[in-house]
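Spelled out, the chains give:
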Amino acid sequence: MKVGLLGLIVTASLLALVPVPASGQSAAPKAPPYNPPRTEDGQPNLEGVWQPRTSGAAFSILPHPGGFFLGGGSETGVVEGGTLPLQPWAAAKAKELTQHMELDPTGHCHYEGIPHANYFPFQIFQTPKYIAVLYENMHARRIIYMDGSPHPRDYLAWMGDSRGHWEGNTLVVDVTNNNDKSVFDMAGHFHSDVLHVVERFTPVDKDTINWEATIDDPKVFTKPWKMKFPLKRAPQDFEMLESGCFEGERDAEHLVEGLATVPKDHYTEKEKEKEK
Amino acid sequence: MAKELKSAFLLVAIVAALLATSSPASAQAIRPKLGPSYVAPRTPDGKPDLQGIWETRNAAAFDVSEVAEGHEIPYLPEALDREQKGPRVDPIAHCKMPGVPRITYMPFPFQIMQRPGYVVFMYEYLHDQRIIQTNSRPHIDGIDLWLGDSVGHWEGNTLVVDVTNLDERSWLDSARHTHSDALHVVERYTRTGPNTINYEATIEDPKTYTRPWKISMPLYRNTEPGFELREQECTEGDNGRPIHPLYRPAPKGDPLELTREYPVKKETSK
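The structure presented is a predicted model; accordingly, all values stated were derived computationally and were not measured.

A. Expanded view of unusual backbone geometry. Residue A:P115 follows A:I114 across a cis peptide bond; omega there is 15 degrees. Mapping A:P115 onto the fold places it in the loop between α2 (88-97) and β2 (122-126). Between B:V100 and B:P101 the backbone carries a cis peptide bond, its omega angle lying at 10 degrees. Here B:P101 is to be found in the loop between α3 (77-85) and α4 (102-105). Even without glycine at this site, A:N177 takes up a positive phi of about 60 degrees. Its place among the elements puts A:N177 in the loop between β6 (170-176) and β7 (196-205). With 24 C-beta atoms packed within 10 Å, A:N177 lands in the buried category.

B. Summary view of the interface of chain A and chain B. Contacts between chain A and chain B engage 34 residues on the former and 37 residues on the latter. Residue assignment for the side of chain A that touches chain B shows that the elements contributing at least two residues are β2, β3 (130-135) and β4 (141-145) of chain A. When the residues that make up the side of chain A that touches chain B are grouped by side-chain class, the tally is 16 nonpolar, twelve polar and six charged.

C. Representation of the nonpolar core in the model. Of all hydrophobic cores here, the largest spans 100 residues; its most connected members are A:A132 and B:V120. The element that contributes the greatest number of residues to this core is β3(A), accounting for six residues. When sequence neighbours within four positions are dropped, the list of residues in contact with A:A132 reads A:F125, A:R141, A:I143, B:M113, B:V120 and B:M122.

D. Spotlight on the pairing of strand β1 (residues 52-55) of chain B. Residues and elements named next belong to chain B. Bridge count between β1 and strand β2 (residues 110-115): three bridges; the pairing is antiparallel. The residue of β2 that forms the bridge with I53 is Q111. For β1 and strand β9 (residues 213-221), the ladder comprises two bridges, and the chain directions are antiparallel. Each bridged residue has a counterpart across the sheet, and for W54 the counterpart in β9 is R221.

Reading the values: rules and limits
Residues numbered from 1 in each chain as written. Chains lettered and ligands numbered in written order. Predicted model: local features only at pLDDT ≥ 70, side-chain atom pairs only at ≥ 80, totals over all residues. Helix = DSSP H or I, 4+ residues; strand = E, 2+ residues; numbered from the N terminus. Buried ≥ 20, exposed ≤ 12 C-beta atoms within 10 Å, placed from the backbone. Contact = placed C-beta atoms within 7 Å. Nonpolar A, V, L, I, M, F, W, Y, C, P; charged D, E, K, R; others polar. Core = buried A, V, L, I, M, F, W, Y, C linked by C-beta atoms within 7 Å. Pairing = 2+ DSSP bridges.

Shape descriptors only; they carry no functional weight alone.
The structure is reproduced here in structure tokens:
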């Protein structure tokens, strides 16, 4: 009896947490907002393996052509508006960096940092006090603390420091404590150590999360900017394997001279067509 | 006399209250026994709760025979010979993952997280991770990994993890105790108290040892308030040198209190 009552109370409080759709308020017929399942402690449940659809953001977050080392290319990129508000010195440095791919930290097996790590598959686990995100690539990981604790002082990291909270069904993650060495992509887009990223993970159906981030870095850009892409749920039997990038480390020497020395034969037929 | 009687009543009342709120087998619940018969708290899905940040306090990372049963590793003569002729540089010096069971007793903390069907180990060392399914699925085939393939199941109070597919190049410690690709490790994690886990691993490798042998050690909970795992990036400054940096130095202060003003665009005359 006692347990039954407790169960009733728990159920009632869980029900109270489920937002009731405001019905009949707008005249236009609108699909009701997606209401994700809940974890046992009442959080919107985002658990699972997620595969981002980034239009080749790892190559460039801006619109870019396809080709050797560039994948299929993208006409849109993932940056809102298709351009970056770079300060003039930063635009010059970004251009120079494209000629020095040997400096790309991911080529040296470093952590990608946020948002870069999100371009690769990851698995989300949710506990009442923290959400763990485990990435396959570089076996990177981060723990998003959900207990309202502040960012640590006197600490910088490749993956920064993540603290999160819920706004309705959206997981909002505040990322600071980033070092100035991780980069946004392989196209020379970089940031400084005052980088502040605010990510929003919004589940829109059972197999899709809309991910977007506001990037704030006054040392490199003239104003904050946004990027976004969807995350798709991986098939049920999908398991992440170990990725040990440092293996042998023979890639670094091939990257020394960068794209400039790639033989023309390595471009796809489509790319050759374009050049004619 | 009246005072004594009063406290006796109070004691009876407390015991009665405890008995009333606990299950029929309540004698244990009142005073949990420490040691192998300790009954660990449960997760919402009824599994022993191993969650928290744990660390070893021994020298096994330097010489695993410290924690081996009988302080002895039963080498086959030919395996000892192979070891003597093998590589002399510890693979972790080049930021390779240390393998299992070595990752457990690296002198760095690790965090255990449990979700239904999963036990996840997040190691501070090399930001290594093991996502272990507790469904006793078959081992993967045809690929060796530095941390191997781990499959778990529960036996009463114990998490049992079966590890195969281990890369033959990993060492068991810095004292160059080696193994072959036939290594098979069975780990057992059993809570023995509020802040301790008994860790036991049976190490079997018919190409290297004459018989399976065992290591065991306590894991201690890190009880420092506010303690969190931090980033440990071995490949820092990667140029082939063995490096084990401590945490990166950082500018002093709160990251959000640093100057955060965008440059003002200058008015230009046309």
